[in-house]
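These are the residues of each chain, in order.
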Amino acid sequence: MVDMQVSIGDVVLANPVMPGSGTFAEGMASVFDLNRLGAIVTKTITDDIREGNPPPRLAEYRDATLFSIGIPSKGVKYYLEETLAHYRDYSTPVVASISATTVEGFGALAAKLARSGVVAIEANVSCPNLKKDGKAFGMDPEATYQVVRAMKTAVDLPVWPKMTPNASDVIGVAQAAEAAGADAIVASNALLAMGIDVETRRPRVANLMGGLTGRATKPVMLRFAYQCANAVSIPVIGCGGISSAEDAIEYLLAGVCAVQVGTANFVSPNAMPDIIDGIEQYCLRHGVARVSDLVGAMIPAAPVPLTVSQSESAEAPVSGALGGASGTFAG
């Protein structure tokens, strides 16, 4: 029997699998038992009511999807009275995902969730910061620091900032979040992308740009999660392109302690239960007693010795294609 339990700081989960925010709703209870999940991450909410972006909001590709939803929200009052009421019938811990346009807004919204029963709050720092000309909080280490500090000051709950891979200094942002008191990091939100319909010559999503998700993004997002896990000492939750147990195990081996499944939930509503079962079966096949033993257990590649002909033909030594956890090019 495999011990599937994992810990994200003080939050203990029955297994390492949870949905990504915005890819899961109450209706999933008619598909599978929600008690099977490690946690439930609810759709991102804002304090006020929002309609979101105009349609079209998504464009499908062979192995990826371009989303430009715009965080539609029914507001915090509806969330507290209606959404959370549904999940109280289950033992699975609930994580709230929130968004705001100012640092103060993040703190104020977090405070309203203080006694709601959620076990942690995920901060969607990919949203625009109105005081920084619309630049996303997660693009800037200082802005990310301020958001986390505001939330930690406002509420005595674990705070998990959800990173953006579009920052120029992803390691700096992750370290700033840790310095501000973040209890874990979610790595990460979607890649900024766009598409054009060549027949109509119009953008494939009305907002022109959106977030690219799905299987095709996994190698990039896995690299991002690995970098974050090696840059901070707090837990990292990995997400991006996970559609199978093998994908989830890759993330665990790279150093994350849990995973979020997103786009795969739209392709197959049973994706998460199947991934949980697959992880357990993998552990049984490989004699792994605890799934937590997989975290960071990747075996580094053995160096390939140069042959005489290779060493003679080389004009200059090359010092690694990707340097360490920073992932910067060297040589």
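To be clear, the structure that these remarks concern was listed above.
Keep in mind that what you see is a predicted model, and the values were worked out from it rather than measured. For every chain, the first residue of the written sequence is number 1, and numbering continues from 1 along that sequence. Confidence filtering applies because this is a predicted model: local features only for residues at pLDDT of at least 70, side-chain atom pairs given and counted only at 80 or more, and all residues used for totals across whole chains, interfaces and linings. Water and hydrogen atoms play no part in the side-chain values, which are based on all heavy atoms of the structure.

Novice: Account for the overall build of the protein chain, with residues named and values stated.
Specialist: Secondary structure is summarised from DSSP: a helix means a run of H or I of at least four residues, a strand means a run of E of at least two, and numbering begins at the N terminus for each. Along the protein chain, the regular secondary structure elements total nine helices and 16 strands. The globule rule puts the C-alpha radius of gyration for 331 residues at 20 Å, and the 20 Å found for the protein chain is close to it. Each principal axis of the C-alpha atoms in the protein chain carries an extent, and together these give about 70 × 55 × 45 Å. Here the term buried applies to any residue with accessible area under 20% of the maximum for its type, exposed to any over 50%, and partly exposed to those in between, with areas from a 1.4 Å probe on protein chains only. Counting across all 331 residues of the protein chain, residues that qualify as buried make up 48%. Sequence-distant contacts in the protein chain: of pairs separated by 6 or more residues, those separated by 24 or more amount to 69%. Carbon and sulfur atoms make up 54% of the accessible area of the protein chain, which amounts to about 16,000 Å² in all. The globule rule is 2.2 Å times the number of residues to the power 0.38, and the radius of gyration it is compared with is taken over C-alpha atoms. By definition, residues are in contact when any of their heavy atoms lie within 4.5 Å. Every accessible area reported is derived by Shrake-Rupley at a probe size of 1.4 Å, with residue values counting cover from the shown protein chains alone.

Novice: Pulling in residues and values, what's your account of the packing of aromatic side chains?
Specialist: To describe a pair of aromatic rings, one takes the distance between the centres and the angle between the planes. Whether two aromatic rings pair depends on their centres lying within 6.5 Å, for rings of Phe, Tyr and Trp, where Trp uses its six-membered ring; planes under 30 degrees apart make the pair stacked, over 60 edge-to-face, and the rest tilted. For the structure shown, the criterion picks out three aromatic pairs. Relative to Tyr87, the ring of Phe24 lies with its centre 6.4 Å away and its plane at 25°, an arrangement referred to as stacked. Here Phe24 is found in the loop between β3 (17–19) and β4 (40–41), whereas its partner Tyr87 is found in helix α1 (residues 75–87), with 63 residues between them in sequence. Taken as a pair, Phe24 and Tyr87 share a single burial class, namely buried. Pairing Phe67 with Phe266 gives two aromatic rings, centres 5.9 Å apart and planes at 40°, and the pair type is tilted.

Novice: Provide a residue-level description of the packing of helix α4 (residues 170–179) against helix α5 (residues 218–231), including the pertinent values.
Specialist: Here an angle of 0 to 180 degrees is reported between the N-to-C directions of two axes, which are lines fitted to C-alpha atoms, with helices fitted over the stretch in contact. Orientation of α4 relative to α5, taken along the N-to-C sense of each, is 45°, at an axis distance of 9 Å. Classified by the interaxial angle, the pair formed by α4 and α5 is oblique. Where α4 crosses over α5, the two elements pack in a sense that is right-handed. Residues Val170, Ile171, Ala174, Gln175 and Glu178 of α4 touch α5, and the partners they reach there are Phe224, Gln227, Cys228 and Ala231. Of the residues that constitute the contact of α4 with α5, the class distribution is six nonpolar, two polar and one charged. Geometric relationships in this document are graded by angle, where less than 35 degrees denotes roughly parallel, more than 145 denotes roughly antiparallel, 65 to 115 denotes roughly perpendicular, and other angles denote oblique. Handedness of each helix crossing follows the sense of rotation of the near helix against the far helix: counterclockwise by less than a right angle gives left-handed, clockwise gives right-handed. Gly falls in the polar group here, along with every residue not listed as nonpolar (Ala, Val, Leu, Ile, Met, Phe, Trp, Tyr, Cys, Pro) or charged (Asp, Glu, Lys, Arg).

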